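Residues per chain are reported as follows:
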Amino acid sequence: MKLLEVAAPDFDLVRTLDSGQVFHWEKCGDGFAGAIGSSGVYVEQQRNRLLFSGTTAKVIAKYFSLDHPLAEICRSFPRDPAMTAARDFCRGLRIIRQPVWECLATFITSSMKQVAHIRQISLTLRKRFGTAKMIYGSHVHVFPSAARVAQRTEEELRECALGYRAKNLLATARCVASGEADLNSWRMLSDEELRGRLCELPGVGPKVANCVMLFAYERLRAFPIDVWIERVLKQKYFPRKRKVTAAQLRAFCETYFGEQGGYAQQYLFHHARKGGAANGTK
DNA sequence: CTCCAGGGATGAT
DNA sequence: ATCATCCATGGA
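What to know about the protein's contact with DNA strand C
In the region of DNA strand C, the neighbouring residues are Lys-113, Gln-114, His-117, Arg-158, Gly-163, Tyr-164, Arg-165 and Ala-247. In the environment of DNA strand C, a base oxygen lies 2.4 Å from a nitrogen or oxygen atom belonging to the side chain of Lys-113. A class-by-class count of the residues in the surface near DNA strand C yields two nonpolar, three polar and three charged.

Here it is in structure tokens:
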């Protein structure tokens, strides 16, 4: 099979796909097999370009946000030791543009789960309910649509190891499938309005809403605070302080990290998770 | 075995 | 507004 190519300067595919923002790409030969929307896709990196099949260069460039001015974004980060170390560690990591529904659904299943298990849940949902596509010699399953998930029962979803999250995923799928929640029309809302709408969905609170805003709605200011980021913030930005409330952390992140706060957050997250050695206790 | 994970909903201060 | 508890499951 012949691969197409697209220029991808200042990009690191492995780092981007391993940073806990997307959960369905599997290593395959020299690259990865996965899906973008309803297309099965294979993609690998060779220096400053991507070789791919299954879709168009335009779709690849948009999905991986190759248009983001990464150097400029990194220059906007605050100058402090923690941020500088994260920036050096995460060179080429980009915040991608995921289809909204699959991003929303996946993060509903992410609550109190490790990345490895979120990936496992995604795989099970796709294998059971998603359409199979043949790509580059192996087959991948695309993420099932909201309508497809909405047809299932809570019991069937629980059989995918979802636990208590099954009820929330099903309820949200039914909201989306019925049109009660029109995810696409929400693109025109302000950040605050969008966050409000997302938080009305079952199983979606501030953290998941911010993830969906950042990874699917291109709101690069959204700053998800999970257990890892909370540790980093308390340790690096509020050392020697006994009580730091959630509200204090939120206020600090909004003002301190600025317009590209979501990128800063993702770099701090990935560095904390994969950086090794510096993972502080408590 | 224990501890913890990219949290949210609910009910009590 | 903040805090406690419960919720399933599996990796480390």
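Details of unusual backbone geometry
One non-glycine residue, Met-112, lies in the positive phi region at around 55°. Positionally, Met-112 belongs in the loop between helix H5 (100-108) and helix H6 (115-129). Phi is positive for Glu-218, which is not a glycine, with a value near 60°. Mapping Glu-218 onto the fold places it in the loop between helix H11 (206-215) and helix H12 (227-237). Exposure remark for Glu-218: the relative accessible area of 40% places this residue in the partly exposed category.

Focus: the sheet that holds strand S1 (residues 4-7)
Spatially, S1-S5-S4-S3-S2 is the arrangement adopted by the five strands of the open sheet, whose pairing is antiparallel. Two strands bound the open sheet, and with one partner strand each, they are S1 and strand S2 (26-28). In this sheet, adjacent strand axes meet at a mean angle of 35° when their direction is disregarded. Summarising the sheet, strand S4 (residues 39-46) and strand S5 (residues 49-53) pair through five bridges and their orientation is antiparallel. Paired with Gln-46 across the two strands is Arg-49, which belongs to S5.

Looking at the protein's contact with DNA strand B
Residues in contact with DNA strand B amount to 26 residues; listed here are only the nearest, Gly-20, Gln-114, Val-115, Gln-265 and Gln-266. Within the backbone of Gly-203, one N or O atom sits 3.3 Å away from a phosphate oxygen of DNA strand B. Within the side chain of Arg-231, a nitrogen or oxygen atom sits 2.9 Å from a phosphate oxygen of DNA strand B. At the level of secondary structure, the elements contributing two or more residues to the surface near DNA strand B comprise H11, H12 and helix H14 (261-274). Partitioning the surface near DNA strand B into residue classes produces 13 nonpolar, nine polar and four charged.

Conventions adopted
- Residues numbered from 1 in each chain as written.
- Chains lettered and ligands numbered in written order.
- Predicted model: local features only at pLDDT ≥ 70, side-chain atom pairs only at ≥ 80, totals over all residues.
- Heavy atoms only, no water.
- Near = heavy atom within 4 Å.
- Polar contact = N/O pair within 3.5 Å; in protein donor to acceptor, adjacent residues only side chain to side chain.
- Nonpolar A, V, L, I, M, F, W, Y, C, P; charged D, E, K, R; others polar.
- Helix = DSSP H or I, 4+ residues; strand = E, 2+ residues; numbered from the N terminus.
- Buried < 20%, exposed > 50% of the residue type's maximum accessible area, 1.4 Å probe, protein only.
- Pairing = 2+ DSSP bridges.
- Axes fitted to C-alpha atoms, helices over the stretch in contact; angles between N-to-C directions.

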